[in-house]
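# Reading the structure
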Amino acid sequence: MSERKTIIYILSNQRSGSTLIENILSKSNQMVSIGESFLLGGYIHKIGPGVAWDWNCSCGESLEHCHFWNQVYEKIGIADPRDIKNTKIIFPKGKNKDHQKELNKQAKSLMNRIYSAVFDITDCDILVDSSKEAFYGISLYQNSPYKFKFIHLRRDLRAVSISKHKWRKKYNKKHVSHIKLLLANYLHRLHCKSMLKRVDKKDVFDLNYEDFFKNPQKTLDDISDFFGFDAYKVPEFMELNNDHTIAGTPNRFKKTRIKYDNRWEDVAKKRPFFNACGYVLNRIG
């Protein structure tokens, strides 16, 4: 019954710990995670983010050959996964506004069918989608036959900016200064807060990445109370256990002890203006 099923959508910026939270939640036997469904179409056609691991499912197989995702395709009546052209829902604007609205309508319908298929295949009551994208999540929330709730995950803007700077450098992307990244990440935070005004407050669990590590078990217990699943012990490691998730942090394939990563603090201290600006922006919003 759809009224018994719940979707937990993790809304956040990139590099904010969404993969970690999604992985921790996936350790509940009442839950299944699919990772970032927003990127499903790109992973199938091997375009966009994901090149570092050849756009494979977290099980190591391609989205064409993964047995889990092939069960999903079969359930929704798709013989060839390449028939899935788009799973992105993007704010319609400009001269192609009407066309984008139609693409969005199709993507909403497709994602509801995919959610339904995953619930049927896994027999879980809760599905975790860590897509992060605000407009995408709110659009699905407004058109879902299931209980659709959010974890609004925030992390220190300085940590997010430094992490993005590091990964941009690693993948030889265009150089962007720490300050510009900081301001962009602050604007992203404001955008998320604005979008969440369209969501009933009772459907949003606010979570600070840093607060989680102050008392992980209490925070997880609070999350379980909010979403209505049985409490369980916080896992010691972030690791993949027969998971079939899309995208996530580049470190997702490594078994990593769950602990607070404060390495960004030393980098921030070496940039006093950046550090001060980040502190102020964190305080005001």
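A tally of helices and strands in the protein yields 11 helices and seven strands. Expected size for 285 residues packed as a compact globule is a radius of gyration near 19 Å; at 19 Å, the protein falls within 12% of this value. For the protein, the spread of C-alpha atoms along the three principal axes comes to 55 × 50 × 35 Å. Expressed as a percentage of the 285 residues in the protein, the buried residues total 51%. Taking the intrachain contacts of the protein between residues at least 6 apart in sequence as the baseline, contacts between residues at least 24 apart amount to 75%.

The next point concerns the environment of valine 267. Take valine 267: it is sitting in helix H10 (residues 263–269). Filtering out sequence-adjacent residues up to four positions away, valine 267 remains in contact with Ile162 and His178.

It is worth spelling out the packing of aromatic side chains at this point. Evaluated as defined, the whole model comprises 20 aromatic pairs. Their ring planes at 90 degrees and their centres at 5.2 Å tell us that phenylalanine 212 and phenylalanine 213 sit as a pair that is edge-to-face. Residue phenylalanine 212 shares its accessibility class with phenylalanine 213, and that shared class is buried. With a centroid separation of 5.8 Å and 50 degrees between ring planes, the pair formed by phenylalanine 213 and tyrosine 260 is classed as tilted. Taken together, the residues phenylalanine 213 in helix H8 (residues 209–214) and tyrosine 260 in the loop between strand E7 (256–257) and H10 connect sequence positions 47 residues apart. Judged by relative accessible area, tyrosine 260 falls into the partly exposed class, the value being 28%. Every member of this aromatic cluster is reached through a ring pair, and the members are Tyr9, Phe38, Tyr136, Tyr141, Phe148 and Phe150.

Viewed as axis vectors pointing N to C, helix H5 (residues 134–141) and helix H7 (residues 178–195) meet at an angle of 10 degrees, and their least axial separation amounts to 10 Å. Accordingly, the angle class assigned to the pair H5 and H7 is roughly parallel. Residues Ala134, Phe135 and Ile138 of H5 form the contact with H7, whose participating residues are His191, Cys192 and Met195. When the residues that make up the contact of H5 with H7 are grouped by side-chain class, the tally is five nonpolar, one polar and no charged.

A complete count under the given rule lists 13 salt bridges for this structure. Between aspartate 125 and arginine 4 there is a salt bridge, with its nearest N and O atoms 3.3 Å apart. On the criterion of sequence distance, the pair formed by aspartate 125 in the loop between helix H4 (97–122) and strand E3 (126–132) and arginine 4 in the segment before strand E1 (6–11) is long-range, its members being 121 residues apart. Residue aspartate 125 is classed as partly exposed on the basis of its relative accessible area, which comes to 22%. Aspartate 125 serves as the salt-bridge partner of lysine 5, at 3.4 Å between the closest nitrogen and oxygen.

Attention shifts here to the packing of H4 against H5. Closest axis-to-axis distance for the H4/H5 pair is 10 Å, and the angle between their directions is 70 degrees. When the axis of H4 is compared with that of H5, the two are roughly perpendicular. H5 is crossed by H4, and the crossing has right-handed handedness. Where H4 abuts H5, its residues Asn104, Lys108, Met111 and Tyr115 lie against Phe135, Tyr136, Ser139 and Leu140. Taken together, the residues of the contact of H4 with H5 break down into five nonpolar, two polar and one charged.

Now for the pairing of E3. Here E3 lies mainly inside the structure; seven of its seven residues are buried. Taking every second residue as pointing to the same face, both faces of E3 are buried, with Ile126, Val128, Ser130 and Lys132 on one and Leu127, Asp129 and Ser131 on the other. Pairing analysis gives five bridges linking E1 to E3, with the strands arranged parallel. Bridge pairing in E3 links isoleucine 8 to valine 128. Both strand E2 (residues 31–35) and E3 contribute to a ladder of four bridges, which runs parallel. The residue of E3 that forms the bridge with glycine 35 is aspartate 129.

What counts and how
Residues numbered from 1 in each chain as written. Predicted model: local features only at pLDDT ≥ 70, side-chain atom pairs only at ≥ 80, totals over all residues. Heavy atoms only, no water. Helix = DSSP H or I, 4+ residues; strand = E, 2+ residues; numbered from the N terminus. Rg over C-alpha atoms; globule rule 2.2 N^0.38 Å. Buried < 20%, exposed > 50% of the residue type's maximum accessible area, 1.4 Å probe, protein only. Contact = heavy atoms within 4.5 Å. Phe/Tyr/Trp six-rings, centres within 6.5 Å; stacked < 30°, edge-to-face > 60°. Axes fitted to C-alpha atoms, helices over the stretch in contact; angles between N-to-C directions. Parallel < 35°, antiparallel > 145°, perpendicular 65-115°, else oblique. Nonpolar A, V, L, I, M, F, W, Y, C, P; charged D, E, K, R; others polar. Salt bridge = Lys/Arg side-chain N within 4 Å of Asp/Glu carboxyl O. Left-handed = near helix turned anticlockwise from the far one by under 90°. Pairing = 2+ DSSP bridges.

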